[in-house]
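# Topology and contacts: notes
Letter by letter, the chains look like this.
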Amino acid sequence: MRLPGLIDIHVHMREPGATHKEDWDSGTAAALAGGFTVVLAMPNTQPPITDSAALAVVEQAAQTKARCDYGIYLGAGADNIDKLLPLADHAVGLKMYLDQTFGSLRLDDMSLWAKHLSGLPKHLPVVAHAEGRSIAAIILIASLFDHPIHLAHVSTKEEILLIRQAKEKGIQVTCEVCPHHLFLSEKDIPAIGARRSEVRPMLRSEEDRCSLWENLEVIDCFATDHAPHTLAEKDSPKPPPGYPGLETALPLFLTAIHEGKLTLDDVIRRLNTNPRRIFNIPEQPDTWIDVDMDETWEIRAAETYTRCGWTPFEGRKVRGRLRQVTLRGKLAFDSGKMYAQPGSGLNIRRK
Ligand code: NCD
Ligand code: ZN
């Protein structure tokens with residue numbers, strides 16, 4: 001079966017600052033091995049992508065190392081509002097961290113949210129890491145400024161129901177849900193291990209998980225929030241939050257199609273059509289993926305390209321497997337082998 005190249009709008013590449021976890025080479029190899037031909041990279045690197053110098057470092061690393069196409073987010077900080085405007089056309093969106101997370105980017109002061117939103121060009125979407133009541137606050141503030149807001153990794157019943165109501169009122173809000181919040185819940189924590197289970201937002205109750213499935217039509221995008229940390233880091237007394245996700249998303253969704261929970265069209269809309277529309281991502285000519293819908297197999301971290309060396313889905317039986325990726329007319333990946341070279345990926349915002 002042939003599908004369009006998938007788009008992951010929420011990926012952490014770790015370069016610069018933590019390339020032992022992932023870099024633009026290993027991260028984009030993982031993307032292709034998962035069927036993704038475009039990834040949008042988050043700004044919580046070290047240093048974070050909050051000014052032109054930091055953006056240039058990331059653009060340079062990506063240009064020389066990326067194997068798939070990509071876009072880059074800017075990070076909203078306490079004192080970079082004016083510095084961001086000239087960079088808007090080089091980025092795919094502005095990320096605002098409103099709640100506790102990994103890295104130094106966090107906007108505690110609500111008046112800064114409004115300051116960022118008031119000056120931004122309307123074509124630059126704002127992506128918010130917001131949980132619980134922060135979601136209500138940022139939806140209101142964004143709508144006061146008539147600015148489209150995209151909510152990252154929605155994970156609870158109260159959040160998805162609030163977004164449903166906001167959409168019914170005609171507010172310009174979109175959202176994404178991660179595979180780990182659709183396929184895992186609190187009850188999986190003992191099997192994964194308490195330290196490795198750390199992720200933001202945390203795994204939720206079964207009731208929350210089921211509510212996401214019940215409100216599927218409210219979910220605009222699926223996004224992995226691929227947040228690699230090494231096993232040694234995850235198993236340490238202070239485990240950083242985050243799971244790898246690029247190489248496990250597609251087989252999980254294909255399995256859900258077999259189980260009757262989703263249609264193929266549901267998946268394509270949330271991993272290609274809607275991401276393209278919300279983030280204004282250009283078409284990739286002669287680009288597609290081929291999947292074997294019927295192969296039954298078990299997910300094994302040992303077979304992945306991500307540098308982090310583990311997955312919360314270890315041992316899970318899935319049905320449906322990526323065979324080939326063709327990117328702009330060239331065979332990029334075939335039956336486990338990587339053919340795309342570092343530097344062959346394009347920045348979707350490069351003129
Ligand atoms: C992310 C990371 O490690 O960068 N961790 C996570 O648990 N999701 C940070 C984030 O997405 O907020
Ligand atoms: Zn993230």
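Each remark here, short or long, concerns the structure printed above.
First, a word on scope: everything that follows refers to the structure included in this document. (Residues numbered from 1 in each chain as written. Chains lettered and ligands numbered in written order. Predicted model: local features only at pLDDT ≥ 70, side-chain atom pairs only at ≥ 80, totals over all residues. Heavy atoms only, no water.)

### Overview of unusual backbone geometry
A cis amide bond links Gln 46 with the next residue in sequence, Pro 47, at an omega value of -5 degrees. Here Pro 47 shows up in the loop between strand S3 (36–41) and helix H2 (52–65). In this structure, the amide linkage connecting Arg 200 to the following residue, Pro 201, adopts the cis form with an omega of -10 degrees. Mapping Pro 201 onto the fold places it in the loop between helix H8 (189–192) and helix H9 (206–214). (Helix = DSSP H or I, 4+ residues; strand = E, 2+ residues; numbered from the N terminus.)

### Describing the pattern of salt bridges
Enumeration over the complete set of coordinates arrives at 30 salt bridges. The partner of Arg 204 in a salt bridge is Glu 131, and the shortest N-O contact between them spans 3.1 Å. Residue Arg 204 is found in the loop between H8 and H9, and its partner Glu 131 is found in the loop between strand S6 (126–129) and helix H5 (133–144); the two are separated by 73 residues along the sequence. One connected set of salt bridges, linked through shared partners, spans Asp 292, Glu 295, Glu 303, Arg 321 and Arg 323. (Salt bridge = Lys/Arg side-chain N within 4 Å of Asp/Glu carboxyl O.)

### Concerning the coordination of the zinc ion (ligand 2)
Those protein atoms acting as donors to the zinc ion (ligand 2) are His 10 (NE2), His 12 (NE2) and Asp 225 (OD), and they sit at 2.0 to 2.1 Å. Each of the four donor atoms bound to the zinc ion (ligand 2) contributes to angles spanning 88 to 142 degrees, and the resulting shape is irregular. On the primary sequence, the residues serving as donors to the zinc ion (ligand 2) are separated as H-x1-H-x212-D. A residue pair is termed long-range when its members are at least 10 positions apart, and His 10 in strand S2 (residues 6–11) and Asp 225 in the loop between strand S9 (221–222) and helix H10 (231–234) qualify at 215 residues. Comparing His 10 with Asp 225, the two get one shared label, buried. (Donors = N, O, S within 2.8 Å, 3.2 Å for Na, K, Ca; no water. Tetrahedral: all angles 85-135°; square planar, octahedral: opposite > 155°, others 65-115°. Buried < 20%, exposed > 50% of the residue type's maximum accessible area, 1.4 Å probe, protein only.)

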